[in-house]
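# Reading the structure
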Amino acid sequence: MATAIRVRFQGFPSSYVATRWQIPNYRREFEAIPENSSCVFIPRTGSIFRNSKGDKRPLELSFDDTRKWGFSDPDDTELIFARAQSADGSELFCLRMVLNAQHSTTNTHSNTFRVFTKLVKDAKFHSTHLVEAEGSFVPIHYGMWIMDTGEWAGKVLFSITQWCGISWNALSRTKMNTEVNRILIGRTFEALHDFGIDHGGLPSPYDLRHVLIDVHAPGLSRSDLLDGKAPCYIVDFSEARANHECTRKLPILPTDMFLRDAQVGCVEITDALRMLKFMRTVSNRTPGSVAIPTAKALEWHAQYSRLYPDAQNVHVLVAQRAKLYHSMPPVYPDLYTSFESDELYARATIGPLNTNSDQGTQAEEGVDGSPAESILVNMVRVTRLDDPVAV
Ligand SMILES: [Zn+2]
């Protein structure tokens, strides 16, 4: 595994050598940097950003704007991030940087120290809890690094992660703000919760900045971008909690009523419904294409759970979506769901689609009959790894 890389800023007389920075008292490994990326390049324009203090939209900065970060503590509440590329341009990375670290990480009460702490917490959470999901709906994390840039910005401590696109905070003000793209974000949050992770609450009106959509992913047409086909990722796990057993009773889809936390069954899912403008409120009387009455979906969840007490909640939710929301995109496109009969509460069988069959939709042997819930959970995990849920 490479323990040193070169970082080159366009127009600088020389590149800098960055080495892996070991988080104190922490021994877990991070993903190895791809072999073709021993040197990463940061172009002069369109590459360096900081989220604004107000609405947290990313603002582009110049190399010169950036270099004094860490010396004006009241202003330096957000870190600097850079879009870097491998020498051959085939890989894109996000470098989240704490500049002038020899100064900015010394005062434990400063804003800059808080930024540094969050960066480290995110790195630790990735390598402890997110390895299986990296590259699917969370970015690949390549660990923490440090380089001495001398007069430019002193010691620069930074994380390297997969570049995952543009923040929803910026995209939501564009034509990308379609209902199907908001459903895409909802599906990604549902997959995260099924994976056992609570992002940490979405209490601020701007926290959907942690949702990124890769609008430059290869092979996407303009209509794909508007139709929820682009990869979607959730980032920044500095406040996240693992071992979340999600007890939501509804999908993140447009509703026809106002819902409280207890009705939805999960506080963060309620927040997501509200922030994606899927919840009917006084100010939002037309929440979009409501597939069925929300009260009926809640009743279906309660009744199905009563009839089949051995079914894990993730199974109930997959079955609910297939039964009541079949016109909506599924959370897991590679799972099939079939029902024993046409009855409203017929038992569901869920399994992986056999993509090798001629029809491409035939079920594999051995998973029909009474589904083993532990198998389902494993299938959900495998599905995520083999075929990113958001694509
Ligand atoms: Zn949840």
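Since this is a predicted model, take the numbers as computed values, not measurements.

About the thresholds
- Residues numbered from 1 in each chain as written.
- Predicted model: local features only at pLDDT ≥ 70, side-chain atom pairs only at ≥ 80, totals over all residues.
- Helix = DSSP H or I, 4+ residues; strand = E, 2+ residues; numbered from the N terminus.
- Contact = placed C-beta atoms within 7 Å.
- Expected span 1.5 Å × (residues − 1).
- Buried ≥ 20, exposed ≤ 12 C-beta atoms within 10 Å, placed from the backbone.
- Axes fitted to C-alpha atoms, helices over the stretch in contact; angles between N-to-C directions.
- Parallel < 35°, antiparallel > 145°, perpendicular 65-115°, else oblique.
- Left-handed = near helix turned anticlockwise from the far one by under 90°.
- Nonpolar A, V, L, I, M, F, W, Y, C, P; charged D, E, K, R; others polar.
- Pairing = 2+ DSSP bridges.
- Core = buried A, V, L, I, M, F, W, Y, C linked by C-beta atoms within 7 Å.
- Domains from an automatic or database assignment.
- pLDDT = per-residue confidence, 0-100.

Secondary structure summary: the chain contains 11 helices and 15 strands in total. Counting only contacts in the chain whose residues sit at least 6 apart along the sequence, the fraction spanning at least 24 positions is 66%.

Here we take up the environment of serine 104. Of note, serine 104 is situated in helix H2 (residues 101-104). Each C-alpha atom, one on serine 104 and one on aspartate 76, is 9.6 Å from the other, the two residues being 28 residues apart in sequence. Residue contacts for serine 104: discarding those within four places in its chain leaves Gly70, Val98, Leu99, Thr112 and Phe116.

Helix length check: helix H5 (residues 179-194) (16 residues) gives 22 Å between terminal C-alpha atoms against 22 Å at 1.5 Å per residue, within 8%. Counting buried positions along H5 gives 14 out of 16 residues, so the element sits mostly inside the fold. Phi turns positive, to about 95 degrees, at glycine 196, one or two residues after H5.

Here we come to the packing of helix H9 (residues 294-307) against helix H10 (residues 313-324). Contact geometry of H9 with H10 gives a least axis separation of 10 Å together with a crossing angle of 130 degrees. The orientation of H9 relative to H10 falls into the category oblique. Along this stretch, H9 crosses H10, giving a crossing that reads as right-handed. Together, Ala297, Trp300, His301, Tyr304 and Ser305 of H9 and Val316, Ala319, Gln320, Lys323 and Leu324 of H10 make up the contact between the two elements. Residues of the contact of H9 with H10, tallied by class, amount to 6 nonpolar, 3 polar and 1 charged.

Bringing the environment of threonine 45 into the picture now. Its place among the elements puts threonine 45 in the loop between strand E3 (39-42) and strand E4 (48-51). The sequence separation of threonine 45 and arginine 83 amounts to 38 residues, and the corresponding C-alpha distance is 9.9 Å.

Either a parallel or an antiparallel arrangement is found when strands of a sheet pair, and the pairing is made through backbone hydrogen bonds. Pairing is antiparallel in the open sheet, where 3 strands are placed in the order E10-E11-E12. Of all strands in the sheet, those bounded by a partner on one side alone are strand E10 (166-167) and strand E12 (232-234). Here 2 bridges tie E10 to strand E11 (residues 211-213), and the two strands are oriented antiparallel to one another. Bridge pairing links isoleucine 166 to isoleucine 213 in E11. Sitting on the sheet, H5 is in contact with E11 and E12, with an inclination near 50 degrees to E12.

As a further point, take the nonpolar core. Formed by 89 residues in total, the largest nonpolar core has its most connected members in Leu95, Met97, Val98 and Leu273. Ranked by residue count, the leading element in this core is H5, at 6 residues. Residue-level mapping places this core at the junction of two domains, with at least three residues from each of domain 1 (4-163) and domain 2 (167-386). When near neighbours in sequence (up to four residues on either side) are disregarded, methionine 97 contacts Leu79, Ile80, Phe81, Ala82, Val156 and Phe158.

This brings us to H10. Compared with the 16 Å implied by 1.5 Å per residue over 12 residues, the 16 Å span of H10 between its first and last C-alpha is a close match. Looking at H10, one finds that the buried residues are Val314, His315, Leu317, Val318, Ala319, Gln320, Arg321 and Leu324.

The next thing to look at is the confidence of the model for the chain. Looking at the chain as a whole, its pLDDT mean stands at 88, while 88% of the residues score no less than 70. Note on residues 357-379: pLDDT is under 50 here. Beyond four places in sequence and across chains, it has 33 contacts. Predicted confidence is poor over residues 381-391, with pLDDT under 50, and the contacts of this stretch with residues over four places away or in other chains come to 30 contacts.

As a further point, take unusual backbone geometry. Residues other than glycine seldom take positive phi values, yet asparagine 25 does so here, at roughly 55 degrees. Turning to its location among the elements, asparagine 25 is positioned in the loop between strand E2 (16-20) and E3. With 5 C-beta atoms counted inside 10 Å, the residue asparagine 25 sits in the exposed group. Non-glycine residue asparagine 100 carries a positive phi angle of around 50 degrees. As for its placement among the helices and strands, asparagine 100 is situated in the loop between strand E7 (92-98) and H2. The class of asparagine 100 is buried, set by 21 C-beta atoms lying within 10 Å.

One ladder, built from 4 bridges, connects strand E1 (residues 4-9) with E2; its direction is antiparallel. Paired with arginine 6 across the strands is valine 17, a residue of E2. In sequence, E1 turns back onto E2 through a hairpin of 6 residues, with glycine 11 there showing a positive phi of about 90 degrees.

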